[in-house]
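# Inside the fold
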Amino acid sequence: MQDTKLFETILGLQAPWHIARVALDTSGERVDLWVEHAADTRWTCPDCGTAAPGHDHAEERVWRHLDTCQYQTFLHARVPRVDCPTHGVRQVGVPWAAPRSRFTLLLERLIIDLITQCSTVTGACRIARVTWDEAWGVMDRAVARGLQRRTAAPRRYLGVDEKAFRKGQRYHTIVCDLETATVQHVAEDRTAASLQGYYAQLTTEQREALQAVAMDMWPAYIRATVDGLPQGDTKIVFDRFHIMREMTRAVDTVRKQEHRTFLREQGTSPLTGTKYLWLYGEDRLPADRTDAFAALQGQHLKVGRAWAIKELLRDLWTYRQGAAVRRFFARWYGWAIRSRLEPVKQVARMLHRHLDGVLRYVRHPITNGVAEGLNSKIMSIKRKAGGFRNAHHFTTAIYFHCGGLDLYPR
């Protein structure tokens, strides 16, 4: 088989395109292919598909292709332009590459696979022998394709969370589908506008299908949901993990205050070195620390009372009836408010102010656990990348790795 026919077969080229010439540079480890077309070819406008006469040819362009063995391979072609009566002069598309790309479709697919498996652009660059900017161009085009192809599918449950972009209170707002565990929206900052931008693009069908949104008690997200969704105030479910985190912080604050009081009054404290004991849940306490923890509880410490209040709060999410969970919360709230522990009382008042959203878990038992899992994946990508140059690259990486998008060129 002639070399031109061999590469035509490998590339899948069909009329009117054919390979006119092949050049092999063994010293430079490079193969160059010149692609041409039949002179009498009629083309179609890339915008409307209307048949139009050829106008002229653009200057020769070069595309990088998959390596031929160890040799880098490049395609050369002068792409024709057509004179469309509707759209004017337009450059026709070529079957081996996407618009504005300097790689063939097959090489772009390979680079996408390499970035996905390596989790870093740098590693993919070394394997594919492309520059960092070229690889990021592939990622940008892949994400743009994926977002354009994404259908407006109805989604029942969403999770809203923020992810730190860099130090200095720089955040991104991330909206994920809790059932498919995919990122649906990324926006810079964590303001109300960051989330309202997502709600504004939803179709009527999507708005009607959306049953609940899990989030923390960040006021901007609450306001955006109330204003951005029909009956938005009835669709908020406050995440139990964020609530328990606030309660755990309150326990730790009580421990630190009591520890300082012991040191000031007695010069020694039974709470020395016990910080992490009070952060455990009752069912997660290490077996080798059970006796030590029981001894501390026997001393009737303030932190022991705070810890007990925290552990009782966990039972709130075991209820499945609205009336029963309200009776439970009333009893728990009374104990917390009468505890004379100000950090615990602050959390109790916060929950009381947002009680409907807290107890809505009974009807919609969702949490931001999926969002936290995606956040862990994003953190891993960020750590492997050594950070990101700008917010756009961070957004692109999130969509690329966590968006569940159809990234490949066709």
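For the structure, see preceding data.
None of these values were measured; they are calculated from a predicted model. Residue indices follow the written sequence of each chain, beginning from 1 at its first position. In view of the model being predicted, local features appear only for residues whose pLDDT reaches at least 70, and side-chain atom pairs are presented and counted only at 80 or more, with totals across whole chains, interfaces and linings using the full set of residues. In computing side-chain values, all of the structure's heavy atoms are included and hydrogens and water are not.

### What about the overall build of the protein chain?
A tally of helices and strands in the protein chain yields 15 helices and 14 strands. For the protein chain, the spread of C-alpha atoms along the principal axes amounts to about 95 × 50 × 35 Å. Relative accessibility under 20% of the residue-type maximum defines a buried residue, over 50% an exposed one, and the middle range a partly exposed one, all with a 1.4 Å probe and only protein chains included. Expressed as a percentage of its 410 residues, the buried residues of the protein chain come to 48%. In the protein chain, of all internal contacts separated by at least 6 residues, the share reaching a separation of at least 24 is 60%. The Shrake-Rupley method, run with a 1.4 Å probe sphere, supplies the accessible areas, and residue values consider only the shown protein chains as cover. For the protein chain, the exposed surface amounts to about 21300 Å²; the carbon and sulfur share of it is 50%. Once the 59 positive and 44 negative side-chain charges of the protein chain are each reduced to a mean point, those two points are 8 Å apart. Numbered from the N terminus, helices here are DSSP runs of H or I no shorter than four residues, and strands are runs of E no shorter than two. Only heavy atoms matter for contacts: two residues are in contact if any of them lie within 4.5 Å across the pair. By the counting rule applied here, Lys and Arg register as positive and Asp and Glu as negative, while His and the ends of each chain are not counted. Charge coordinates come from a single atom per side chain, which is NZ of Lys, CZ of Arg, CG of Asp or CD of Glu.

### Comments concerning the pairing of strand E8 (residues 80-84)
Going residue by residue along E8, you find Pro 80, Val 82 and Cys 84 tucked away on one face and Arg 81 and Asp 83 left uncovered on the opposite face. One requirement defines pairing of two strands: DSSP has to find at least two bridges between them. When strand E5 (residues 54-57) meets E8, the two strands line up antiparallel, connected through three bridges. Counted as the bridge partner of His 57 is Pro 80 from E8. Relative to strand E9 (residues 88-91), E8 runs antiparallel, the two sharing four bridges.

### Some thoughts on unusual backbone geometry
The peptide bond linking Ala 15 to Pro 16 adopts the cis configuration, its omega dihedral lying at 15°. You can see Pro 16 is positioned in the loop between helix H1 (3-11) and strand E1 (17-25). Positive phi outside glycine occurs at Arg 129, with the angle close to 60°. Judged by its relative accessible area of 39%, Arg 129 falls in the partly exposed class. Backbone geometry at Gln 231 places phi at a positive 55°, although glycine is not the residue there.

### Looking at the pattern of salt bridges
By definition here, a salt bridge exists when the distance from a side-chain nitrogen of Lys or Arg to a carboxyl oxygen of Asp or Glu is within 4 Å. In total, this model carries 21 salt bridges according to the counting rule given. The salt bridge involving Asp 252 is made with Lys 256; its shortest N-O contact spans 4.0 Å. Taken together, the positions of Asp 252 and Lys 256, both in helix H8 (residues 240-266) and four residues apart, correspond to about one turn of that helix.

### Notes on the packing of aromatic side chains
Aromatic ring pairs: the centre-centre distance and the angle between the two ring planes describe each pair. Here the aromatic set is Phe, Tyr and Trp, taking the six-membered ring for Trp, and pairing holds for ring centres within 6.5 Å; pairs whose planes are under 30 degrees apart are stacked, those over 60 apart are edge-to-face, and all others are tilted. Applying the stated rule across the entire model yields 10 aromatic pairs. Ring centres of Tyr 198 and Tyr 199 lie 6.1 Å apart, and the angle between their planes is 55°; on these two criteria the pair is classed as tilted. Accessibility classification places Tyr 198 together with Tyr 199 in one group, the buried group. Every member of this aromatic cluster is reached through a ring pair, and the members are Trp 17, Trp 43, Trp 63 and Trp 96. When the NZ atom of lysine or the CZ atom of arginine is within 6 Å of a ring's centre and also within 35 degrees of its normal, the charge is said to sit over that ring. We note Lys 382 situated over the ring of Phe 394; from NZ or CZ to the ring centre the distance is 6.0 Å.

### Focus: H8
Across its 27 residues, H8 extends 38 Å between first and last C-alpha, which sits within 8% of the 39 Å expected from 1.5 Å per residue. Once H8 finishes, Gly 267 follows within two positions and takes phi at roughly 80°, a positive value. Multiply 1.5 Å by the residue count of a helix minus one, and that product is the helix's expected span.

### As for the environment of Ile 398
With respect to the helices, strands and loops of the structure, Ile 398 is situated in helix H15 (residues 391-402). C-alpha separation for the pair Ile 398 and Ile 381, spaced 17 residues apart in sequence, amounts to 8.6 Å. If we ignore the near neighbours within four places in the chain, the residues touching Ile 398 are Ile 174, Val 183, Val 186, Ile 378 and Gly 403.

### What to know about the side chain of Thr 225
Summarising the element assignment, Thr 225 is placed in helix H7 (residues 219-228). Owing to a relative accessible area of 0%, Thr 225 belongs among the buried residues under this scheme.

### So, the sheet that holds E9
Ordered by their spatial adjacency, three strands build an open sheet running E5-E8-E9, and the pairing between neighbours is antiparallel. Taken across any chain shown, the strands that pair with only one partner, and hence form the sheet edges, are E5 and E9. Strand-to-strand twist of the sheet, defined as the mean angle between neighbouring strand axes without regard to direction, takes the value 30°. For every element, the axis is a line fit to its C-alpha atoms; helices are fit only across the contacting stretch, and the angle between N-to-C directions ranges from 0 to 180 degrees.

### Examining the sheet that holds strand E14 (residues 236-238)
Here five strands make up an open sheet; going across it, the order is E12-E11-E10-E13-E14 and the pairing mixed. Two strands bound the open sheet, and with one partner strand each, they are strand E12 (182-188) and E14. Averaged over all pairs of adjacent strands, the angle between strand axes in this sheet comes to 30°, irrespective of strand direction. Pairing geometry for strand E11 (residues 170-177) and E12, over five bridges, is antiparallel. By the bridge assignment, Val 175 is partnered in E12 with His 185.

### Some points on helix H14 (residues 369-385)
Between its first and last C-alpha, H14 extends 24 Å over 17 residues, near the 24 Å set by a 1.5 Å rise per residue. Of all the positions in H14, only Ala 371, Leu 374, Asn 375, Ile 378, Ile 381 and Lys 382 are classed as buried. Seen along its axis, H14 keeps its buried residues to an arc of 120°; they face one direction. Check the buried side of H14 and you find it contacts strand E10 (157-166), E11, E12 and H15. Gly 386 occupies a position one or two residues after H14 and carries a positive phi of about 70°. Each C-beta atom gives one direction from the helix axis, and the arc is the one those directions make.

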